[in-house]
Amino acid sequence: MESRVVLLTGATGKLGRQLTAHLLGQGHRVIATGRSPESLTALQHFVDNTENLISLQVDFLADDTLTVFLEDLSQLSSAPDVIINNARSIDTLSINEDGTVSRQNFLDEFLLDVVIPYELTMGIHQLKLSRLRSVVNIGSIYGVVAANPSLYEDPVHDSPIHYSVAKAALAHLTRELAVRLAPQDIQVNCVAYGGVEGRVDKKFQDQYARLCPQGRMLSELDITGPIDFLLSASSTAMTGQVLVVDGGWSVW
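Computed from a prediction, not measured in an experiment: that's the story for all the values here. Each residue is numbered by its place in its chain's sequence as written, counting from 1. The predicted origin of the model limits local features to residues at a pLDDT of at least 70 and limits the giving and counting of side-chain atom pairs to 80 or more, whereas totals for whole chains, interfaces and linings rest on all residues. Note that the side-chain values use all heavy atoms of the structure and ignore hydrogens as well as water.

## Observations regarding the packing of helix α4 (residues 103–125) against helix α6 (residues 161–181)
Lines are fitted to the C-alpha atoms to define the axes, a helix being fitted only along its stretch in contact, and any angle between axes, read from their N-to-C directions, falls within 0 to 180 degrees. Elements are defined by DSSP. Helices are runs of H or I of four residues or more, strands are runs of E of two residues or more, and each kind is numbered from the N terminus. Running from N to C, α4 and α6 cross one another at 20 degrees; their axes reach a closest spacing of 9 Å. Our classification of the angle between α4 and α6 gives roughly parallel. Crossing angle aside, the handedness with which α4 passes α6 is right-handed. Of the residues in α6, those touching α4 at Asn105, Phe106, Glu109, Phe110, Asp113, Val114, Pro117, Tyr118, Thr121, Met122 and His125 are His162, Tyr163, Val165, Ala166, Lys167, Ala169, Leu170, Leu173, Leu177 and Leu181. When describing relative orientation, an angle under 35 degrees is termed roughly parallel and one over 145 degrees roughly antiparallel, while 65 to 115 degrees is termed roughly perpendicular and anything else oblique. For any helix crossing, the convention is left-handed if the near helix is rotated counterclockwise from the far helix by under a right angle, and right-handed if that rotation is clockwise. Contacts were defined at the residue level, with two residues in contact if any of their heavy atoms lie within 4.5 Å.

Here's what the structure looks like:
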């Protein structure tokens, strides 16, 4: 596979760490973002090779962050030709005691999942020395189907409605950007992952398995393959697509 310069937002989370390590192992240069120095230091300890890793601290929820971040990117020796939009914040997913979502949490979740990917994609595309060729948005099956209440002991609090709505909007943003950026030969796709093991207890994992055709949650190894495909020459005719990787969860 051709070596790429990959901007990966949300690189310090569970999926982000796995993607960072894998991309570096494939010979790519990774510009990794995280919200704190501590999380970025932990990422450096997690990966085997930091020679091609550039760590940038950024909180995308802060005012004027994007302008400063784009200026920092423009100072690097090589601009990204790939963006993987993966920034997340657990803080925005909190639910009120009565089961409703505060306006601020709804707006912040939408900001992270839709507005920032849009602004970041367009901002990098418009950089003077832009090399952008591919954008991959990290979505969820809950942007494709509604949450299944049978999976949760407390569905209202355990499956935040604003997360699903924002991921659905991200899927459509993918289609819109694909159309608008196609004349510049930029691919825009989305990967909608199912549940990933490692962040839930055994009871939840077993219940998930009973509701999924493949009878299991995704492993960390299942995360990287779709990204490899979308960054390879094999996917050059793909754009505007939501690639569902869920063990069959969404087919029934």
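Still to come is the rest of the account.
## Considerations on the packing of aromatic side chains
Centre distance within 6.5 Å is the pairing criterion for rings of Phe, Tyr and Trp, where only the six-membered ring of Trp is used; planes under 30 degrees apart are then read as stacked, over 60 as edge-to-face, and the remainder as tilted. In total, this model carries 3 aromatic pairs according to the counting rule given. On the basis of an interplanar angle of 85 degrees and a centroid distance of 5.6 Å, the ring pair of Phe60 and Phe69 is categorised as edge-to-face. On the basis of relative accessibility, which here comes to 7%, the residue Phe60 falls in the buried class. The cut-offs for exposure are 20% and 50% of the maximum accessible area for each residue type, with area from a 1.4 Å probe on protein chains only; residues under the lower value are buried, those over the upper are exposed, and the others partly exposed. Accessibility expressed as a relative area gives 3% for Phe69, which makes it buried. Over the ring of Phe46 we find Arg17, and its NZ or CZ is 5.4 Å from the ring centre. Charge over a ring is defined by NZ of Lys or CZ of Arg lying within 6 Å of the ring centre and within 35 degrees of the ring normal.

## Some words on the nonpolar core
If you look at the biggest cluster of nonpolar residues, it comprises 29 residues, and the most contacted ones within it are Leu7, Phe60, Phe69, Leu73, Leu120 and Ile124. Elements supplying a minimum of two residues to this core: β1 (5–8), β3 (53–57), α3 (65–74), α4 and α6. Per-element accounting of this core gives the leading share, 6 residues, to α4. Aside from chain neighbours lying at most four places away, what touches Phe60 is Thr9, Thr33, Thr65, Leu66, Phe69, Ala87, Leu111, Leu112, Ile116 and Leu120. In this structure, Leu8, Val30, Ala32 and Val136 belong to the second largest nonpolar core, which totals 25 residues. Residue types Ala, Val, Leu, Ile, Met, Phe, Trp, Tyr and Cys, when buried and joined through side-chain atoms within 4.5 Å, form a set referred to as a nonpolar core.

## Considering the packing of helix α1 (residues 14–25) against helix α8 (residues 221–231)
Axis separation between α1 and α8 bottoms out at 10 Å; the angle between their running directions is 55 degrees. It follows that α1 is oblique to α8 by the angle criterion. Pair α1 / α8 crosses with right-handed handedness. The segment α1 lies against α8, with Leu15, Gln18, Leu19, His22 and Leu23 engaging Ile223, Thr224, Ile227, Asp228 and Leu231. Residue type decides the class: Asp, Glu, Lys and Arg count as charged, Ala, Val, Leu, Ile, Met, Phe, Trp, Tyr, Cys and Pro as nonpolar, and the leftover types, Gly among them, as polar. Its residues assigned to classes, the contact of α1 with α8 shows 6 nonpolar, 3 polar and 1 charged.

## A short note on unusual backbone geometry
Backbone geometry places Asp64, a non-glycine residue, at a positive phi of 65 degrees. Mapped onto the elements of the fold, Asp64 is located in the loop between β3 and α3. Exposure remark for Asp64: the relative accessible area of 62% places this residue in the exposed category.

## Some points on the state of the cysteines
Disulfides are covalent bonds that link the sulfur atoms of two cysteine residues. We call a pair of cysteine sulfur atoms a disulfide when they lie within 2.5 Å. Per the counting criterion, the structure on display carries 0 disulfides. The thiol of Cys212 is unpaired, and the distance to the nearest cysteine sulfur, on Cys190, comes to 18 Å. Overall, the relative accessible area of 3% leaves Cys212 in the buried class.

## A look at α8
Among all positions in α8, only Ile223, Thr224, Pro226, Ile227, Asp228, Leu230 and Leu231 are buried. Along its buried surface, α8 packs onto β1, α1, β4 (82–85), β5 (134–140), β6 (187–193) and β7 (242–245).

## Brief notes about the environment of Asp206
Along the chain, the position of Asp206 falls in helix α7 (residues 202–210). Residue Asp206 is classed as partly exposed on the basis of its relative accessible area, which comes to 31%. Separated by 10 residues in the primary sequence, Asp206 and Arg216 have C-alpha atoms spaced 7.8 Å apart. N or O atoms within 3.5 Å of each other form a polar contact, as long as, within protein, one can give a hydrogen and the other can take it, and as long as residues adjacent in sequence are counted only when both atoms are side-chain atoms. Within the structure, the side chain of Asp206 is placed 2.7 Å from the side chain of Lys202, a separation counted as a polar contact.

## Quick look at the pattern of salt bridges
Any carboxyl oxygen of Asp or Glu within 4 Å of a side-chain nitrogen of Lys or Arg constitutes a salt bridge here. For the structure shown, the criterion picks out 11 salt bridges. With a closest N to O distance of 2.7 Å, Arg4 and Asp81 form a salt bridge. Of this pair, Arg4 sits in the segment before β1 while Asp81 sits in the loop between α3 and β4, and the two are 77 residues apart along the sequence. When the shortest N-O distance is used, the salt bridge between Arg88 and Asp113 registers 3.6 Å. Linking Arg88 in the loop between β4 and α4 with Asp113 in helix α4, this pair joins segments that are 25 residues apart in sequence. A single network of salt bridges, built from pairs that share partners, joins Arg88, Glu109, Asp113 and Lys167.

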